[in-house]
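Residue-level structural notes
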Amino acid sequence: MSKKRPLILVTNDDGINAPGIRTLIEVMNTLGDVCVVAPDSPQSGMGHAITINDTLYCNSIKVVNGDPHKEYSCSGTPVDCVKIAVNEILKRKPDLCVSGINHGSNSSINVIYSGTMSAAVEAGTLGIPSIGFSLLDYSLEADFKPSKKFVKSIAEQVIKNGLPKGVVLNVNIPKLNVSEIKGIKVCRQANAHWEEKFDKRTNPLGRDYYWLTGEFVNEDKGEDTDEWALHNGFVSVVPVQFDLTAHHAMKELNTWDF
């Protein structure tokens, strides 16, 4: 791999054969030297899970379209993919890690469940500028072409400018044609939540089982949030920090009589 071009690690949570990652690879090949390490099967909703009680396998995949990048399928989670890429596969630390393009939203509270974003966060903890990309379309036939322009623009800016220490980007793209997208907005995460329910059923053997369902509830009326941006035709960019300390609460807690 050339040292003159950025080294870019590409991963996701939908699996190495998902159309979203194919689009992401295509764009990244125009920006740098690409190495793909992604799960061998879908890993959506895995959050920051890692494999500690099972073996991990990582297999080299032949690139059929002739692109000069390398690909590996990993039996683990998205976070496993980043760890094994950095520690075992790559000869040096990547200049950029991109994760996605995810099928469906990772805006607001969804960021904490997301395997896509957890891969980006893991890379961020290793000092690698990182971005998670998601398209607000859950369809298997989702059209990722309109995303290319915005993925490339944001990735180019991160390569050029870097990111603040301890920060990764959570990028969500509305399900619109390029001509309908109004632009890119830097936002805060909307204060929203899921009202969850379980659909309880009984299998033929008489054993109860459950399907998780729920309704996304956004009571945040702010016009500076990712949800507002997406509903108004903008690509949302939320800077996410992985220091989970609630600094604003420390003063109060220090008044307690422990």
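Up top is the structure.
Residues numbered from 1 in each chain as written. Predicted model: local features only at pLDDT ≥ 70, side-chain atom pairs only at ≥ 80, totals over all residues. Heavy atoms only, no water.

**Focus on the pattern of salt bridges**
- The tally for this structure, following the rule as stated, stands at ten salt bridges.
- Between Glu-26 and Lys-148 there is a salt bridge, with its nearest N and O atoms 2.8 Å apart. Of this pair, Glu-26 sits in helix H1 (residues 19–28) while Lys-148 sits in helix H4 (residues 148–161), placing them 122 residues apart in sequence.
- Classification of Glu-26 as partly exposed rests on a relative accessible area of 42%.
- Taking the relative accessible area as the measure of exposure, Lys-148 reaches 25% and is therefore partly exposed.
- The residue Asp-208 makes a salt bridge to Lys-200 at a minimum N-O spacing of 3.5 Å.
- On the accessibility criterion, Asp-208 (38% relative accessible area) is partly exposed.
- Via salt bridges that share partners, Arg-188, Asp-220 and Asp-224 belong to a single interconnected network. (Salt bridge = Lys/Arg side-chain N within 4 Å of Asp/Glu carboxyl O. Helix = DSSP H or I, 4+ residues; strand = E, 2+ residues; numbered from the N terminus. Buried < 20%, exposed > 50% of the residue type's maximum accessible area, 1.4 Å probe, protein only.)

**A few points about a nonpolar patch on the surface**
- A cluster of nonpolar residues, Ile-112, Tyr-113 and Trp-194, forms a patch on the protein surface that exposes about 300 Å² of accessible area.
- Take Tyr-113: it is sitting in the loop between strand E5 (96–103) and helix H3 (115–125). (Patch = residues over 30% accessible without salt bridge, like charges linked within 9 Å, V, L, I, M, F, W, Y side chains within 5 Å. Areas by Shrake-Rupley, 256 points an atom, 1.4 Å probe, with all protein chains shown as cover.)

**Description of the packing of H1 against H4**
- It is at 10 Å that the axes of H1 and H4 come closest, and there the two elements cross at 50°. Classified by the angle their axes make, H1 and H4 are oblique. H1 and H4 meet at a crossing whose hand is right-handed. Between H1 and H4, the contacting residues are Thr-23, Leu-24, Glu-26, Val-27 and Met-28 on the first element and Lys-148, Val-151, Lys-152 and Ala-155 on the second.
- A class-by-class count of the residues in the contact of H1 with H4 yields five nonpolar, one polar and three charged. (Axes fitted to C-alpha atoms, helices over the stretch in contact; angles between N-to-C directions. Parallel < 35°, antiparallel > 145°, perpendicular 65-115°, else oblique. Left-handed = near helix turned anticlockwise from the far one by under 90°. Contact = heavy atoms within 4.5 Å. Nonpolar A, V, L, I, M, F, W, Y, C, P; charged D, E, K, R; others polar.)

**Looking at the packing of aromatic side chains**
- Tallied over the full model, the rule gives four aromatic pairs.
- Where Phe-198 meets Tyr-210, the ring centres are 6.2 Å apart and the plane angle is 90°; that geometry is what we call edge-to-face. Here Phe-198 is found in strand E9 (residues 192–202), whereas its partner Tyr-210 is found in strand E10 (residues 208–218), with twelve residues between them in sequence.
- Given a relative accessible area of 55%, Phe-198 falls into the exposed group. (Phe/Tyr/Trp six-rings, centres within 6.5 Å; stacked < 30°, edge-to-face > 60°.)

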